[in-house]
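# Structural overview for review
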Amino acid sequence: MRKQITLVCAVGMSTSLLVTKMKTAAKERGVDVEIVAVAESAFEGQGLEKVTDVLLLGPQVCFMAKKLKARYEPSGIKVEVINSRDYGMLNGDKVLSDALALMGE
Amino acid sequence: MSKFSDKFGDGLNTVAAAVDGNRFLGAIKDTFSVYMPFIIVGSFATLLNTLLCSPKAGLAQFSAFAWLSTISPAFSAVNFATMSFMTVPIVFILGVHLARKSGTPDIISGVIGLASFISVVPSVVSITDKGATLSAAGLSGTVLGAQGLFVGMIIAVLSVGLFARLFKIEALKIKMPPSVPSAIATSFNTLIPMLIVLCVFAIGGIVFKNISGSYINVAIYSLLQRPLEAIFQSAGGIIAIVVFSQLFWLLGIHGGLIISPIRNPLMAAAIAANTAAVAAGIIPNQPITYGFWVTFIVAGGAGIILSLIVAILVFSRRDDQRMVAKLGLLPAICGISEPVVFGLPLVLNPVYAIPFIFNSGIATAIALGAVKVGFLSCNTVDIPFGVPVVLNAFLGFGWQGVVVQAVILVACFFVWAPFVLVSNRVKAGE
């Protein structure tokens, strides 16, 4: 099945900037992966917990990491906070590499 | 970092995790992120009503479009259905979110919260006309609209909480033979807890009314909601909240999200009060709305980041800073500060800490001052996050809003500028 990376932050706006860069990076590398950004509060409402393989948090919501890890890691979703410098520099390529590494690919 | 700032940082991190992990605050936050778009849509209906149907200022002033004024009640209806009626859907959604966090049936809990709320408020409306008091069955605007918000949220939290507890008690479950489909068993098993919850709240409501002489919604509005609104709308109150929120941003934590469970209900009440005031022909007097927040308090990103970007592009000779500034320019125009906050970075950056913490407070003071002298009107059109500067000010506050926003951006540019120069010297000295 196609792998999915989901990014969450407060309203899903600043993460969507990064998603665009990550999609470009994935295309250049020829990696087939679905990448989306949503507000943290909308994650379950959109049923994303069922399809997500890696859940990445914007550093501004890093305080949610403990809660989200406890909730989703038992069902096999990898949960990680994005490196804040990569996030600020919108380094889609690096964040994609980290996410793929989490999936073990 | 010194020990003091370590402790300070740990403290704020604990607060952030506690607010986020708190079931009630978390549910309120989620509820408003569902409902805020409806409030914005409702306020846009007001805008369309003016632009299209007003015979004085709108399209309807031209004879070819005069018919537009006849459909004006439709836009008022959209506003009523979303804004003047907000407490009903908000109480329901809050019940749903609370139930999801405690693992009880969510839709049923939403209805329980709503039914419990309706059971404690007057179900008769009375009007006095020429000395005669007439009454009829119905719910008053003070129950359906923003004035019922806090009592509604409190009743939802208590009733859904009680339901969740009762729901888990085995003794209250009706035993069914195993051959009965499980869906039927579930529906019966909710009946006894539901009956108990609704009776407890209805009786509680009537006992409160008999002892105190007033309905609980009236009491909670005047004892809790109105004082909170007054603090939130005061210059001292809102500036303290804004600075508190920026302290989180200094640690790289989304401050607006942390304060949203208390901020968003009060902002929803404010825009509703302004809309009601305009409809009644009174001057609106609640400045701190969501539109005010995105247009002025966090103009160009929380901490007035757009001004910092321009200051860097003008004064900084550091290539690393100029690169981040260019990268962050377009997002900052739309109010997104993260590329600069994490890229520069501003997080735990001692050189920029003071302007980063206080600029949004300065912006608040400038905009409130403009309201105070009568230059800027309190808005009735709320603006969603992400609308570019200038446009958001114009849509929400007219040309006066654009002027005030420009003053804020320029003032904060001068606040950032010396710190940009210092950061260049720090780098040169390294």
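The sections below set out a description of the structure shown in this document. (Residues numbered from 1 in each chain as written. Chains lettered and ligands numbered in written order. Predicted model: local features only at pLDDT ≥ 70, side-chain atom pairs only at ≥ 80, totals over all residues. Heavy atoms only, no water.)

## A few points about the packing of helix 7 (residues 149-167) of chain B against helix 10 (residues 216-233) of chain B
Residues and elements named next belong to chain B.
- Two elements in contact, helix 7 and helix 10, have axes separated by 8 Å at closest approach and are oriented at 110°. Classified by the angle their axes make, helix 7 and helix 10 are roughly perpendicular. Between helix 7 and helix 10 the crossing geometry is right-handed. Note on element contacts: helix 10 touches helix 7 through I216, N217, I220, L224, Q225 and L228, opposite L149, F150, V151 and I154.
- Of the residues that constitute the contact of helix 7 with helix 10, the class distribution is 8 nonpolar, 2 polar and no charged. (Axes fitted to C-alpha atoms, helices over the stretch in contact; angles between N-to-C directions. Helix = DSSP H or I, 4+ residues; strand = E, 2+ residues; numbered from the N terminus. Parallel < 35°, antiparallel > 145°, perpendicular 65-115°, else oblique. Left-handed = near helix turned anticlockwise from the far one by under 90°. Contact = heavy atoms within 4.5 Å. Nonpolar A, V, L, I, M, F, W, Y, C, P; charged D, E, K, R; others polar.)

## Some words on the packing of aromatic side chains
- Tallied over the entire structure, the rule returns 12 aromatic pairs over all chains.
- In this structure an aromatic cluster arises from ring pairing among F292, F296 and F397 of chain B. (Phe/Tyr/Trp six-rings, centres within 6.5 Å; stacked < 30°, edge-to-face > 60°.)

## So, the nonpolar core
- Core analysis: the biggest nonpolar cluster contains 146 residues, and I5 of chain A together with M86, L346 and W416 of chain B have the highest contact counts within it.
- It is helix 7 of chain B that provides the largest number of residues to this core, a total of 11 residues.
- With residues near it in sequence (within four places) discarded, I5 of chain A still touches M22, V33, E34, I35, V36, V54, L56, L96, A99 and M103 of chain A. (Core = buried A, V, L, I, M, F, W, Y, C linked by side-chain atoms within 4.5 Å. Buried < 20%, exposed > 50% of the residue type's maximum accessible area, 1.4 Å probe, protein only.)

## Some points on unusual backbone geometry
- A cis amide bond, omega -15°, links L344 of chain B with the succeeding residue P345 of chain B.
- Examined against the element boundaries, P345 of chain B turns out to sit in the loop between helix 16 (338-343) and helix 17 (353-372).
- One non-glycine residue, L90 of chain A, lies in the positive phi region at around 50°.
- Residue L90 of chain A is classed as buried on the basis of its relative accessible area of 8%.
- With a phi angle near 50°, K130 of chain B is a residue other than glycine that sits in the positive phi range.
- The topology assignment puts K130 of chain B in the loop between strand 1 (124-129) and strand 2 (132-137).
- Note on K130 of chain B: relative accessible area 80%, which makes it exposed.

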